[in-house]
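Commentary on secondary and tertiary structure
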Amino acid sequence: MFFKQLATKEASLSYFFGCAGQGKAVAVDVVAGDEDWFIAEAERAQVRITQVIDTHVHADHYSGGRERARRTGAPHCLHESDRGRAKYDFLPLRDGQVFEVGNVQVRVLHTPGHTPDSVCLLVTDLRRGEAPWFVITGDTLFVGAIGRPDLAGREREMAGVLYDSLHAKLLNLPDEIESTPAIRPAASAAPASRANRPRRSASRNAGIRHWRWTRPPLSMR
Ligand SMILES: [Fe+2]
């Protein structure tokens, strides 16, 4: 299995992963203008992109997922709750759905709160074993922070929804699973924002373990 992270000009993080052995890959949270990077990486790895996924409809950048999907013929995937909201065709994802990309397994976790359609992707390298390796958390869970629930103007309601998503879907995952967020700090960001620096390595600060062991329980105040 290969895994690549792209730090975009929009201060977000995109992901490209898949199974080189069977020549299949997934592109996640592609930013408009970055489509060529994914095409080049796919050619380098000699893989075909089989899904283009947005973890949610983004408020902070234009998604390149639709264009990326059009250029590759791969379906553009969003959570099924975007039916009627998105003005274009997409392949709906549902909570608990599992699909395989060669020897890589992807489980969809619907984690509303930041947005109603937010999903996380729990990824397992089946050649390593049956235990998941990492979870792509979109804007739901960062390293040291959580996504804003106030963007749609229903902050109290959405904060509660986000609380439930974090506790029911993400904090129940095994400690050793690494979390891979969709946001990185701007180069000029204050030091406090360094918590969101991408750390998809073995750092325990980047794992679900970090939240359970080093953070007090999230509470509604
Ligand atoms: Fe977002």
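Residues numbered from 1 in each chain as written. Predicted model: local features only at pLDDT ≥ 70, side-chain atom pairs only at ≥ 80, totals over all residues.

**Regarding the sheet that holds strand S10 (residues 134–138)**
What the 5 strands build is an open sheet, ordered S7-S8-S9-S10-S11; its pairing is mixed. Either end of the sheet is taken by a strand with one partner, and the two such strands are strand S7 (98–101) and strand S11 (178–181). Shown here is a sheet whose adjacent strand axes are inclined to one another by a mean of 25 degrees, direction ignored. (Pairing = 2+ DSSP bridges. Helix = DSSP H or I, 4+ residues; strand = E, 2+ residues; numbered from the N terminus. Axes fitted to C-alpha atoms, helices over the stretch in contact; angles between N-to-C directions.)

**Looking at the sheet that holds strand S5 (residues 76–79)**
Here we have 6 strands laid out as an open sheet, ordered S1-S2-S3-S4-S5-S6, and mixed in their pairing. Two strands bound the open sheet, and with one partner strand each, they are strand S1 (2–7) and strand S6 (91–93). Between one strand axis and the next, the sheet turns by 25 degrees as a mean value, whatever way the strands run. The pairing of strand S4 (residues 48–53) with S5 spans 2 bridges and is parallel. Residue pairing across strands places Val-52 opposite His-76, the latter belonging to S5. Helix-sheet contacts for helix H2 (residues 65–72) involve strand S3 (24–28), S4 and S5, and the interaxial angle to S4 is about 155 degrees. (Contact = placed C-beta atoms within 7 Å.)

**Some words on helix H3 (residues 155–170)**
By the burial criterion, the buried members of H3 are Met-158, Leu-162, Ser-165, Leu-166, Lys-169 and Leu-170. Angular distribution of buried residues about the axis of H3 spans 105 degrees; they occupy a single face of the element. Structural note: H3 exposes Arg-156, Glu-157, His-167 and Ala-168 on the side pointing more than 90 degrees away from its buried face. (Buried ≥ 20, exposed ≤ 12 C-beta atoms within 10 Å, placed from the backbone. Arc of directions from axis to C-beta.)

**Description of the pairing of S1**
When S1 meets strand S2 (residues 13–19), the two strands line up antiparallel, connected through 6 bridges. For Phe-2, the partnering residue across the bridge sits in S2 and is Gly-18.

**Considerations on the environment of His-79**
Within the secondary structure, His-79 is located in strand S5. Residue His-79 is classed as buried on the basis of its C-beta count, with 26 C-beta atoms lying within 10 Å. Put simply, His-79 and Phe-90 are 11 residues apart on the chain and 9.1 Å apart in space, counted from C-alpha to C-alpha.

**Regarding the pairing of S11**
Where burial is concerned, the two faces of S11 agree: the one with Glu-178 and Thr-180 and the one with Ser-179 and Pro-181 are both buried. Across 4 bridges, the pairing between S10 and S11 is parallel. Among the inter-strand pairings, Val-135 is bridged to a residue of S11, identified as Ser-179. You can see the chain leave S10, run along H3 and come back into S11, and the turn it takes is right-handed. (Right-handed = clockwise from strand over helix to strand, strands pointing away.)

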